[in-house]
Amino acid sequence: MTVADFVSLQIEYDCTSQVNFYKELSALQQSIGKTPLIIYKMTVLGCSLDQFQPLGNVLKVLKENDLNIVGFDMGTHSEKGALHYDKLINTLIESGIQPVVTLHHWDLPQALQDCGGWTNSSIVEAFREYADFCFSRFGDRVKGWNTFSSPWVVSHAGYGTGEHPPGIQDYVVASYQATHNMLKAHAEAWHVYNDKHRKTQRGKVPVYITGNGMPTEYSGDTLNDTSRINYIKSYINEALKAILVDGVDIQRFTVQSLMDGFEGPQGFSERFGLHHVNFDLPDRPRTPKQRLLIWIKEEYGDPEIYITDNGVATDPSRTTTDDTDRIFYYKTYIDEVLKAHNLDGVKVTKDNGFPLPEDERPLYGHFPKDFIWSTATASYQIEGGWRADGKGLSIWDKFSHTPLRVSNDDTGDIACDSYHKVEEDVAMLKELRVTHYRFSIAWSRVLPDGTNARVNQAGLDYYHRLVDALLAANIQPHITLYHWDLPQALQDVGGWENNTIVDRFREYADVIFSHLGPKVKYWITINEPYNIAMVGHGYGAAAPGISFRPGTLPYLVGHNLIKAHAEAWHLYHHKYRAAQGGLISITINSDWAEPRNPDKQEDIEAARRVVQFYIGWFAHPIFNGDYSNVMKTIIRDRSSAAGLTKSRLPEFTPEEIKRTKGTHDYFGFNHYTTVLAFPVDYGNLQHYDADRGAGTIADRAWLDSGSTWLKVSPFGFRRILNFIKQEYGNPPIIITENGVSERGPVDLNDVHRSHYYEKYINQVLKARLLDGVDIRGYTAWSLMDNLEWATGFSERFGLFYVNHSDPNLSRVARSSAAFYSSIISCNGFPDPASGPHACFNPQPEATSTPTGPPHPDSMVSFLGMDLSPREAEVGLYLTLSLLGLAVLGAGVSVSLWLTKATKTKASENIVELIM
Ligand code: BGC
């Protein structure tokens, strides 16, 4: 049937005069024989709402009068309906929102369905008239038109499977007829707009193809879905022909589906997703199979893309106003769009995105003159020489030689061979222009069996050589006595669990102070007691690898660590300080925690607990005296609820409290990341995690790093620095570690690391200048790539790359080294607008030319431009968070509460324990 094969009519139905119009229509029908009628406009006049006769009834009457009505449209021709849309459109415009109107989104008037709906070809004309009406009525204000929303759904579900209204199950004929008519209807509407309205209204009536895709079998559907790509490619090609050859204005192409889902009878075996969903894991992680926006850009000549819908459904059984899942979803997707737009140059038409929050705006300014600029390493991570010159074994030697403890079975036997490379290491430090270098002493290198029964002079000499070389380079040594590598001989008698360790540690400290103390002004007793206690003795993911008493052992170990620290501090204070004049403290590490939902009191409290159980565990006794009430109360109550007669958290005697409190000359602080906390009830489980009663996740919009636990979240740094100020009486703080890792192929142009340092150090500046936090120094972790504990050499934190394929283990500066060096030379962040600043491009003072891969050109390639590192930094200021997004992509991994998103390096043990 063609348009000419029927008669179209306009009816005015007047409620006041009650015109019996169907009699007139019957007469008309008789005069034209069987020719079908389409009523394309029915205006209802003078009707009150209750008089209003539902259209279906009118049609029924008409049919009963032998009328061959095949099309009927009323819809917006009801003045009341039209007024409603007028009002909506006007309100939108007044609120600064552009209306984009879809003419048809699946809700076909039932009256038209009664005449066959989309299978009846006369509907094309009806749709044209309806569209014409809408364009005339609203087109002065509406500039974006969409003829159909998801016609595929109508054809497929409405006329094919019958899951949608009108519920027809006819894939053989009806589904195709409906598609055919919708395409024609669309084209008619487009033409009516183009011919009649476009000139005056200047809008668009694009086609939005809203569903096209192909499933693959589960077994064949990995992340590399080439067959899907080919399929979509050929379909988009057809759409392209429609644009170029037939002049159809196709503005949108929707691929079915966003992610793998439940495909009815096929279950999960049939997969349509652009994102792979892992249905084996409880949080159903999604992984992109391909980057769609970039692909469309490259494949189809850089079209403008207008993303017209994107969203996620939440599980109705769990739906409350607490829709964090949806917030994360939007953050992730908008981040991806931002990346496509800003970094890949995809023309996404709307300027979607987050305005830069206040606390992410850069602050220009300087640190005080004598600010400490440092970088750090630790003995086991870099030294190698594991059996050289009489060194005793440490718990890390044993741990790493135990199969499956360290990724790839990496060991620190050679590591960066720093034991033999004092000169090379100092050369890097000079290149950086740091004022201080933080390194640790391998206890068993100096005291092979852990006791002072025998001092290994050769081991001690290595540290003398290093300290002397540093001093000669005008770099102050900052020495950590204990960075996790306990002599194995001491572990054999109980290690940190045995309280005789307190004496052993004091004796060891005595040896070191007496030999090296005259040359050293900065000391750290113990690095990160939290990690020693919890990761080593709770989760068991670090040496000595104990995990079977997670509710008691970590607290016991923590207790002895605190006491050992206090004794070493007193020793220095009373015996050495007067002569040596140095400063000594402990280095405590902690994440910052924010509530997962800032409006939920339970989440706010969970975040507080996380912080108190982390930094507070050690800082409270040392700075305020005794454990915090939060820890004492919770652990005591949970212990007694489990039938224990005393708390699993050991108690300090009043004398011990006094002896511990105040054993600090500064607050040594390591910080890397922030977490989002929420309450978790672990029942009766006797475990540190259960005591803390919180789960943690990362915000999906935070940038990822090479470490699962580390998400780029600079704002938290300032917050935790302020927390230290408030909670511990504004002590002087030396940041003794901060940095970011990477995995995978080596790229010396590590813009992500420069980005991290820029943002984190800027937060330090804010804490110092705006909040008055007494920060005295900053230390970048790490000088060079090294053995990242249980993850081996696969996670790299270095400002310098260490080339393990070169037998010389040559060190090569990454671009972040020059970047960090320029921050040091500038002593902060001078305002680029008040430049030029000489410090932006410091001449490195390199004394050695490393062998191995070529030194990266001092120019940095940044978003397609060649810039000096400092210019790249200015670029960073301008592009702000977008640069980082380019490099790593948004952090999308949400850790389960079971797997605990803390810096546990490998937290599987807790899973085993709970399951
Ligand atoms: C440790 C370092 C470690 C770094 C990155 C800190 O916990 O002190 O030894 O390499 O974080 O994980």
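Just so you know, these numbers come straight off a predicted model, no measurement behind them.

Trainee: Could you give me a rundown of the overall build of the protein chain, with the residues and numbers involved?
Mentor: Looking only at helices and strands, the protein chain features 29 helices and 28 strands. Sorting the 915 residues of the protein chain into buried and exposed places 56% on the buried side. In the form shown here, the protein chain has an accessible surface area of approximately 37,500 Å², with 54% of it arising from carbon and sulfur atoms.

Trainee: An account of a nonpolar patch on the surface is requested, with residue identities and associated values reported.
Mentor: Taken together, the side chains of Ile243, Leu244 and Val245 make up a nonpolar region of the molecular surface, amounting to roughly 300 Å² of accessible area. Mapped onto the elements of the fold, Ile243 is located in helix α8 (residues 226-244). Accessibility expressed as a relative area gives 31% for Ile243, which makes it partly exposed.

Trainee: Before we move on, could you go through the pattern of salt bridges and cite the residues and values that matter?
Mentor: Scanning the model with the defined rule gives 38 salt bridges in all. In this structure, Asp323 engages Arg326 in a salt bridge whose closest nitrogen and oxygen atoms are separated by 3.0 Å. Arg506 serves as the salt-bridge partner of Asp503, at 2.9 Å between the closest nitrogen and oxygen. Separated by three residues within a single helix, Asp503 and Arg506 lie in helix α17 (residues 501-516), roughly one turn from each other. Residue classification places Asp503 among the partly exposed positions, given a relative accessible area of 31%.

Trainee: Tell me about the sheet that holds strand β18 (residues 592-595), and please be specific about residues and values.
Mentor: Two strands in a sheet stick together by hydrogen bonds in their backbones, pointing the same way (parallel) or opposite ways (antiparallel). With respect to topology, three strands assemble into an open sheet ordered β18-β20-β21, the strand pairing being mixed. Looking at which strands have only one partner, the edges of the open sheet turn out to be β18 and β21 (694-697). The mean angle between the axes of side-by-side strands here comes to 45 degrees, regardless of whether they run parallel or antiparallel. Where strand β20 (residues 674-679) and β21 come together, four bridges link them in antiparallel fashion. The partner of Pro679 across the bridge, within β21, is Ala694. Along the sheet, helix α20 (residues 601-624) makes contact with β18, β20 and β21, crossing β20 at roughly 125 degrees. Across the sheet, helix α24 (residues 715-727) is in contact with β18 and β20; its angle to β18 comes to roughly 105 degrees.

Trainee: So what about the sheet that holds strand β17 (residues 583-589)? Which residues, and what values?
Mentor: What the eight strands build is a closed barrel, ordered β13-β14-β15-β16-β17-β19-β22-β23; its pairing is parallel. The sheet shows a mean angle of 25 degrees between the axes of neighbouring strands, taken without regard to direction. Pairing analysis gives four bridges linking strand β19 (residues 667-670) to strand β22 (residues 733-737), with the strands arranged parallel. Paired with Gly668 across the strands is Ile734, a residue of β22. Sitting on the sheet, α20 is in contact with β17 and β19, with an inclination near 155 degrees to β17. The strands that α24 touches are β19, β22 and β23 (775-781); relative to β19, the one it contacts most, it runs at about 155 degrees.

Trainee: Requested: an account of the UniProt feature "active site" (unreviewed entry) in the protein chain, with residues and values cited.
Mentor: In this numbering, the UniProt entry assigns the feature "active site" (unreviewed entry) to Glu737. By the element assignment, Glu737 lies in strand β22. Residue Glu737 is classed as buried on the basis of its relative accessible area, which comes to 3%. Apart from residues lying up to four places away in sequence, Glu737 is in contact with Arg438, His483, Asn527, Glu528, Phe669, Asn670, His671, Tyr672, Thr779 and Trp781. Within the structure, Glu737 has its side chain in polar contact with the side chain of Arg438 (distance 3.0 Å).

Trainee: Please set out the packing of α24 against helix α25 (residues 751-769) residue by residue, giving values where relevant.
Mentor: The interhelical angle for the contact between α24 and α25, taken along N-to-C directions, is 35 degrees, at an axis separation of 8 Å. The two elements α24 and α25 meet at a crossing, and its hand is right-handed. Across the interface between the two elements, Phe715, Phe717, Arg718, Leu721 and Asn722 from α24 touch Tyr760, Gln763, Val764, Lys766 and Ala767 from α25. In the contact of α24 with α25, the residues fall into six nonpolar, two polar and two charged.

Trainee: A description of the nonpolar core should follow, citing residues and the corresponding values.
Mentor: Grouped together as the largest cluster of nonpolar side chains are 146 residues, with contacts concentrated most on Trp496, Ile615 and Tyr778. Examining the composition of this core, we find that twelve residues originate from one element, α20, more than from any other. Beyond its immediate sequence surroundings of up to four residues, Ile615 is in contact with Ile588, Asn589, Ser590, His620, Phe667, Phe669, Ile720, Phe723, Ile724 and Tyr728. Of all hydrophobic cores here, the second largest spans 27 residues; its members include Val142, Ala174, Ala185 and Tyr193.

Trainee: With reference to specific residues and values, describe the state of the cysteines.
Mentor: Inspection of the entire model under this criterion finds one disulfide. Between the sulfur of Cys826 and that of Cys839 lies a disulfide, 2.0 Å long from S to S. Residues Cys826 and Cys839 are joined by a disulfide whose S-S torsion is about 95 degrees; by sign, that bridge is right-handed. Taken together, the residues span a long stretch of sequence, with Cys826 in helix α26 (residues 815-826) and Cys839 in the loop between β26 (828-829) and β27 (860-862) at a distance of 13 residues.

Trainee: If you had to explain helix α19 (residues 553-580) to someone new, which residues and values would you point to?
Mentor: At His573, α19 shows its maximal bend, which comes to roughly 45 degrees. With 21 of 28 residues buried, α19 lies mostly within the body of the structure.

Trainee: Describe in detail the packing of aromatic side chains, supporting the description with residues and values.
Mentor: Within this structure, the stated rule accounts for 55 aromatic pairs. Ring centres of Phe371 and Trp373 lie 4.9 Å apart, and the angle between their planes is 65 degrees; this geometry places the pair in the edge-to-face category. Here Phe371 and Trp373 have matching classes, each one buried. Both rings, one in Phe623 and one in Tyr728, keep their centres 5.8 Å apart while their planes meet at 50 degrees; by these two values the pair is tilted. One end of the pair, Phe623, is in helix α20; the other, Tyr728, is in the loop between α24 and β22, with 105 residues separating them in the sequence. Taken together, the ring pairs connect Phe367, Phe371, Trp373, Phe717, Tyr756, Tyr757, Tyr760, Tyr778 and Tyr820 into an aromatic cluster. For the cation-ring pair, Arg445 lies above Tyr419, with the distance from its terminal atom to the ring centre recorded as 4.1 Å. Its end group placed over the ring of Phe678, Arg596 keeps NZ or CZ at 4.2 Å from the ring centre.

Procedures and definitions
- Residues numbered from 1 in each chain as written.
- Predicted model: local features only at pLDDT ≥ 70, side-chain atom pairs only at ≥ 80, totals over all residues.
- Heavy atoms only, no water.
- Helix = DSSP H or I, 4+ residues; strand = E, 2+ residues; numbered from the N terminus.
- Buried < 20%, exposed > 50% of the residue type's maximum accessible area, 1.4 Å probe, protein only.
- Areas by Shrake-Rupley, 256 points an atom, 1.4 Å probe, with all protein chains shown as cover.
- Patch = residues over 30% accessible without salt bridge, like charges linked within 9 Å, V, L, I, M, F, W, Y side chains within 5 Å.
- Salt bridge = Lys/Arg side-chain N within 4 Å of Asp/Glu carboxyl O.
- Pairing = 2+ DSSP bridges.
- Axes fitted to C-alpha atoms, helices over the stretch in contact; angles between N-to-C directions.
- Contact = heavy atoms within 4.5 Å.
- UniProt positions renumbered as here; feature names shortened; annotations may be inferred.
- Polar contact = N/O pair within 3.5 Å; in protein donor to acceptor, adjacent residues only side chain to side chain.
- Left-handed = near helix turned anticlockwise from the far one by under 90°.
- Nonpolar A, V, L, I, M, F, W, Y, C, P; charged D, E, K, R; others polar.
- Core = buried A, V, L, I, M, F, W, Y, C linked by side-chain atoms within 4.5 Å.
- Disulfide = S-S within 2.5 Å.
- Bend = angle between axes of the 7 residues up to and from the residue.
- Phe/Tyr/Trp six-rings, centres within 6.5 Å; stacked < 30°, edge-to-face > 60°.
- Lys NZ or Arg CZ within 6 Å of the ring centre and 35° of its normal.

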